[in-house]
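As a plain string of letters, each chain reads:
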Amino acid sequence: MVKTSGKGFAVGLKRLVEPKVLNNTVQKVSGASKNFLLNICVAIILVGVSFVIISPILAVISRAIMDPMDAINPLIYLIPQNFTWQNINDAILVMDYWNTLGRTLAFSLGFALLHVVITSLVGYGFARFKFPGSGPLFALVIISIVVPVQTYMVPMFLNFRFFLGSGNINLIGSLWALGLLTLTGVGLRSGLYIYIFRQFFRGLPKEIEEAAFIDGAGPFRTYLQVMIPNATPAIITVLLFAFVWHYNDTFYTSLLMPNNRLLSVLLIGLGPNFQAIFNERSPILAQMVVFAGVMLAIIPILTIYMFLQRYFVEGLERSGIVG
Amino acid sequence: MKTTATKKWMTLQRRETVWGFLFISPWLVGITVFFLFNLFEAIIFSFNTIIVDPVAGGFTMDFVGLSNFRFILLEHGSYNQQLVESLTGMLVNVPLIIFFSLLMAVLLNRKFMGRGLVRAIFFLPVIMATTAIQSTLELTMGMMMGGVSSVPTEVMQAQMGFNANSIAMLVTSFGVPIQVAQYIIAAVSALHEIIRASGVQILIFLAALQAIPPSMYEVCQIEGATSYETFWKVTIPMVSPLILTNVVYTIVDTFAQSQVVQTAHNQAFVMQQFGVSAAMSLVSSLLACVLLLFVGWIISKRVFYYN
């Protein structure tokens with residue numbers, strides 16, 4: 001839109017300045033060709049950047065299905081000469097892939113749902129109720145988004161290790177540590193989800209709630225039966241983001257559940273584990289198994305993304321981070 | 001059933017207060033117990049030596065004053081260097097990420113075929129932002145250069161006669177200061193990192209661009225503004241609040257992935273020096289916060305709020 005306005009102006013200017021030299025048809029062609037050149041430039045930039053993003057994924061997939069003999073053959077580029085399932089099979093075996101995947105998906109989905117329940121409650125509380133101190137408290141939400149969790153990881157770890165100051169309760173290694181954080185709205189990026197819900201609820205018209213109040217519904221019933229059904233875009237956004245971030249997270253899981261067997265953590269030790277299990281010394285072979293493992297880890301999330309891509313992109317726009 | 005007495009006591013204001021606190025009560029517990037208390041303890045820890053006693057349970061603190069800070073800043077092998085590198089890296093990368101994501105958002109805001117697909121691709125790095133996947137994807141960079149050309153770069157340079165420094169020499173011979181040339185070359189060689197780090201920012205800018213009322217551009221067109229003028233007088237002021245948001249997001253994001261954080265993590269969970277690690281985290285977070293406040297203050301003076 002910006003560009004066309006400028007171009008219209010430029011063409012108009014040309015018409016004013018040199019009306020006799022060029023007739024109208026020539027002018028139109030020159031305007032169109034300038035537009036065409038601009039589009040070509042934009043296309044080159046966009047395709048180039050897209051290539052930079054996609055090429056590592058292509059390279060990983062190519063290496064994952066490539067025979068180790070091809071990997072050291074300098075004449076082979078991307079498309080393998082000898083196709084093999086061997087790397088993928090090894091990665092599946094070392095990571096116990098199907099069980100791990102099921103566990104990781106259940107873990108991520110469970111925590112994502114927990115995030116939605118808690119942060120929507122808190123977000124609604126901040127959006128619709130005027131109470132003393134609500135302003136400073138909401139500022140605290142923003143502060144909890146901005147202050148990195150790494151600042152207080154040591155006390156967090158020690159307090160969960162010796163929960164409630166006693167030596168008997170050790171929450172490290174159980175789901176309770178991360179569970180408690182998520183239940184109380186200070187888990188993995190909870191502050192951001194509270195913010196998203198608050199902005200979204202503020203954008204909804206107040207009249208629908210007032211109607212519910214007049215019909216005799218209490219605040220909680222209004223929230224549950226009127227607001228939540230209307231908040232589908234925000235819920236989907238938070239659900240998807242929480243799911244993906246839990247799926248990818250290694251900081252919280254390795255800190256609070258050191259012996260977890262989740263996909264993102266197993267992936268880090270895949271190469272050494274493979275070498276240990278198969279007594280395999282070749283680093284090239286181990287690397288190819290790592291590529292296969294990365295491919296196996298990407299595929300589920302990529303599949304989800306392909307189907308729900310619209311909600312990721314539009315959700316962020318509509319959920320009210322902007323505005 | 002409520003009596004009249006309770007009804008009078010429950011004014012609308014009071015009822016709102018009670019319900020408001022009820023709704024945010026889970027978060028209120030979390031923010032005090034798991035955030036504010038931990039933050040407070042992190043400060044206490046940094047002045048102490050922590051000795052964990054796994055048998056008896058619990059840990060003991062031994063007040064050592066400033067010696068943790070003295071150790072990390074003056075004696076530790078690499079911490080101060082990493083700190084400076086992280087902060088300068090932030091100062092270099094944050095403007096680049098902001099400019100790049102704004103440019104990409106402007107390009108993506110145009111109507112063209114396959115817009116949805118390109119947007120989906122641009123958002124891919126956010127989906128795959130896990131350490132193991134990222135480090136593996138970085139390994140593949142060399143492979144995409146191609147089969148035969150994946151021979152060492154020195155050989156390739158000799159064959160193709162291409163050297164990044166030749167571009168630097170070319171640029172400087174035009175009279176561009178050497179620092180600027182170095183900055184541009186650093187930016188180009190970090191292109192992959194910048195693209196990877198700007199997924200969310202592009203989306204935020206894109207949403208901001210779409211929120212600009214079209215009538216503003218119509219006015220510009222009628223008044224005869226060039227597209228260059230329109231960009232600086234309409235687009236930039238309208239997205240300026242989101243520039244602030246994006247700068248904050250980028251600094252926090254870059255900090256969480258910096259080497260300093262990793263060092264503090266190792267100090268605590270590999271070397272079991274919890275007090276030293278707390279001091280490390282505290283110093284680096286404090287510096288990042290100062291940077292954040294400083295940049296935020298500068299930008300917020302120039303931000304234009306439409307509503």
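Residues numbered from 1 in each chain as written. Chains lettered and ligands numbered in written order. Predicted model: local features only at pLDDT ≥ 70, side-chain atom pairs only at ≥ 80, totals over all residues. Heavy atoms only, no water.

This part takes up the overall build of chain B. Helix and strand content of chain B: 15 helices and two strands. In chain B, buried positions account for 43% of the 307 residues. For chain B, the proportion of contacts with a sequence separation of at least 24, taken over those separated by at least 6, is 66%. Taken as a whole, chain B presents about 16800 Å² of accessible surface, with 68% of it coming from carbon and sulfur. (Helix = DSSP H or I, 4+ residues; strand = E, 2+ residues; numbered from the N terminus. Buried < 20%, exposed > 50% of the residue type's maximum accessible area, 1.4 Å probe, protein only. Contact = heavy atoms within 4.5 Å. Areas by Shrake-Rupley, 256 points an atom, 1.4 Å probe, with all protein chains shown as cover.)

The number of helices and strands found in chain A is 16 helices and zero strands. With 323 residues in all, chain A has 51% of them scored as buried. Taking all contacts inside chain A whose residues are at least 6 apart in sequence as the whole, residues at least 24 apart take part in 71%. As displayed, chain A offers around 15000 Å² of accessible surface, 68% of which is attributable to carbon and sulfur atoms.

Okay, the environment of Gly 102 of chain A next. On the secondary structure map, Gly 102 of chain A appears in helix α5 (residues 97-128). Gly 102 of chain A sits in the partly exposed class, given a relative accessible area of 37%.

Right, let's talk about the confidence of the model for chain B for a bit. Do not read the predicted coordinates in detail wherever pLDDT is low. Residues and elements named next belong to chain B. Mean pLDDT over chain B: 81, with 85% of residues reaching 70 or higher. Here helix α7 (residues 153-160) stands out as the element of chain B with the lowest mean pLDDT, 47, in contrast to helix α12 (residues 214-223), whose mean of 91 is the highest. pLDDT under 50 marks residues 146-161. Its contacts with residues more than four places away, or in other chains, come to 11 contacts. Reported for the predicted complex are a pTM of 0.83 and an ipTM of 0.81. (pLDDT = per-residue confidence, 0-100.)

Here the idea is simple: oppositely charged side chains can pair when their charged atoms come close. All names here are of chain A. For the coordinates displayed, the defined rule picks out one salt bridge over all chains. The closest approach of N and O atoms between Arg 128 and Glu 209, which form a salt bridge, is 2.3 Å. Here the residue Arg 128 occupies a position in helix α5, and Glu 209 occupies one in helix α10 (residues 206-214), the gap between them amounting to 81 residues. On the basis of relative accessible area, Glu 209 is assigned to the buried category, the value being 3%. (Salt bridge = Lys/Arg side-chain N within 4 Å of Asp/Glu carboxyl O.)

As a further point, take the confidence of the model for chain A. Residues and elements named next belong to chain A. Of all residues in chain A, 87% have pLDDT values of 70 or greater, and the mean over the chain is 82. The lowest-confidence element of chain A is helix α1 (residues 2-17), averaging 46 in pLDDT; the highest-confidence one is α5, averaging 93. Residue range residues 1-27 is modelled with pLDDT below 50. Its contacts to residues more than four positions away, or to other chains, number 30 contacts.

Taken together, the contact between chain A and chain B spans 99 residues of the former and 100 residues of the latter. Taken over both partners, the interface formed by chain A and chain B buries close to 8500 Å², and the fraction arising from carbon and sulfur atoms is 79%. Among the residues of chain A in contact with chain B, Leu 46, Ile 53 and Thr 151 of chain A are the three that bury the most area, contributing 7% of the side total. Inspection of the region where chain A meets chain B yields zero salt bridges. The tally of links between chain A and chain B comes to nine residue pairs in polar contact (both at pLDDT 80 or more). Residue contributions to the side of chain A that touches chain B peak at 17 residues, all from helix α2 (residues 24-64) of chain A. Its residues placed into classes, the side of chain A that touches chain B shows 74 nonpolar, 18 polar and seven charged. (Buried area = accessible area lost by both parts, 1.4 Å probe. Polar contact = N/O pair within 3.5 Å; in protein donor to acceptor, adjacent residues only side chain to side chain. Nonpolar A, V, L, I, M, F, W, Y, C, P; charged D, E, K, R; others polar.)

It is worth spelling out unusual backbone geometry at this point. All names here are of chain A. Of note, Asp 96 is a non-glycine position whose phi angle comes to about 50°, a positive value. Counting through the fold element by element, Asp 96 comes out in the loop between α4 (86-95) and α5. Unusually for a residue other than glycine, Arg 189 sits at a positive phi of about 55°. Structurally, Arg 189 can be placed in the loop between α8 (176-183) and α9 (190-203).

Residue and element names in this part refer to chain B. Among the secondary structure elements, Ser 240 is positioned in helix α13 (residues 227-256). Classification of Ser 240 as buried rests on a relative accessible area of 7%. A distance of 2.7 Å separates the side chain of Ser 240 from the backbone oxygen of Pro 237, its partner in a polar contact. Beyond its immediate sequence surroundings of up to four residues, Ser 240 is in contact with Val 303 and Phe 304.

It is worth spelling out helix α14 (residues 259-269) of chain B at this point. Inspection of α14 of chain B places Val 260, Val 261, Thr 263, Ala 264, His 265, Gln 267 and Ala 268 of chain B among the buried residues, and these make up the whole buried set. Those residues of α14 of chain B hidden inside the fold are in contact with α7 (153-161) and α13 (251-256) of chain A together with α3 (67-75), α4 (79-108), α13 and α15 (274-302) of chain B.

Residues and elements named next belong to chain A. Packing of helix α6 (residues 134-146) against α9 leaves a shortest axis separation of 8 Å and a crossing angle of 135°. Our classification of the angle between α6 and α9 gives oblique. You can see that α6 and α9 cross each other, and the crossing is left-handed. Residues Phe 138, Val 141, Ile 142, Ser 144 and Ile 145 of α6 pack against Gly 191, Leu 192, Ile 194, Tyr 195 and Arg 198 of α9. (Axes fitted to C-alpha atoms, helices over the stretch in contact; angles between N-to-C directions. Parallel < 35°, antiparallel > 145°, perpendicular 65-115°, else oblique. Left-handed = near helix turned anticlockwise from the far one by under 90°.)

Before going further, it helps to spend a moment on the side chain of Thr 84 of chain A. All names here are of chain A. Tracing the chain through its elements places Thr 84 in the loop between α3 (68-71) and α4. In terms of polar contacts, Thr 84 uses its side chain to reach the backbone amide nitrogen of Gln 86, at 2.8 Å. Filtering out sequence-adjacent residues up to four positions away, Thr 84 remains in contact with Ala 64, Ile 65, Met 66 and Asp 67.

With the rule as written, the count across this model stands at 33 aromatic pairs over all chains. Ring geometry for Tyr 124 of chain A and Phe 129 of chain A: centres 5.7 Å apart, planes at 90°, overall edge-to-face. Since its relative accessible area comes to 0%, Tyr 124 of chain A is described here as buried. A residue is classified by how much of its surface remains accessible, and Phe 129 of chain A, at 5% relative accessible area, is buried. With centroids separated by 5.3 Å and ring planes inclined at 20°, the aromatic side chains of Phe 129 of chain A and Phe 23 of chain B adopt a geometry described as stacked. On the criterion of chain membership, the pair formed by Phe 129 of chain A in the loop between α5 and α6 and Phe 23 of chain B in helix α2 (residues 12-45) is interchain, its members lying in two chains. Through a chain of ring-to-ring contacts, three or more aromatic side chains come together here, namely Tyr 124, Phe 129, Phe 197, Phe 200, Phe 201, Phe 220 and Tyr 223 of chain A together with Trp 19 and Phe 23 of chain B. The ring of Trp 245 of chain A has Arg 189 of chain A sitting right over it, with the charged end atom 4.0 Å from the ring centre. (Phe/Tyr/Trp six-rings, centres within 6.5 Å; stacked < 30°, edge-to-face > 60°. Lys NZ or Arg CZ within 6 Å of the ring centre and 35° of its normal.)

Let us now look at the nonpolar core. Membership of the largest hydrophobic core comes to 175 residues, with the highest contact counts inside it found for Phe 160 and Leu 256 of chain A. Considering every element that reaches this core, the biggest residue donor is helix α16 (residues 283-318) of chain A, with 14 residues. (Core = buried A, V, L, I, M, F, W, Y, C linked by side-chain atoms within 4.5 Å.)

Turning our attention to the environment of Trp 19 of chain B. Positionally, Trp 19 of chain B belongs in helix α2. On the accessibility criterion, Trp 19 of chain B (24% relative accessible area) is partly exposed. Beyond its immediate chain neighbours, meaning those up to four positions away, Trp 19 of chain B contacts Phe 129, Pro 219 and Phe 220 of chain A.

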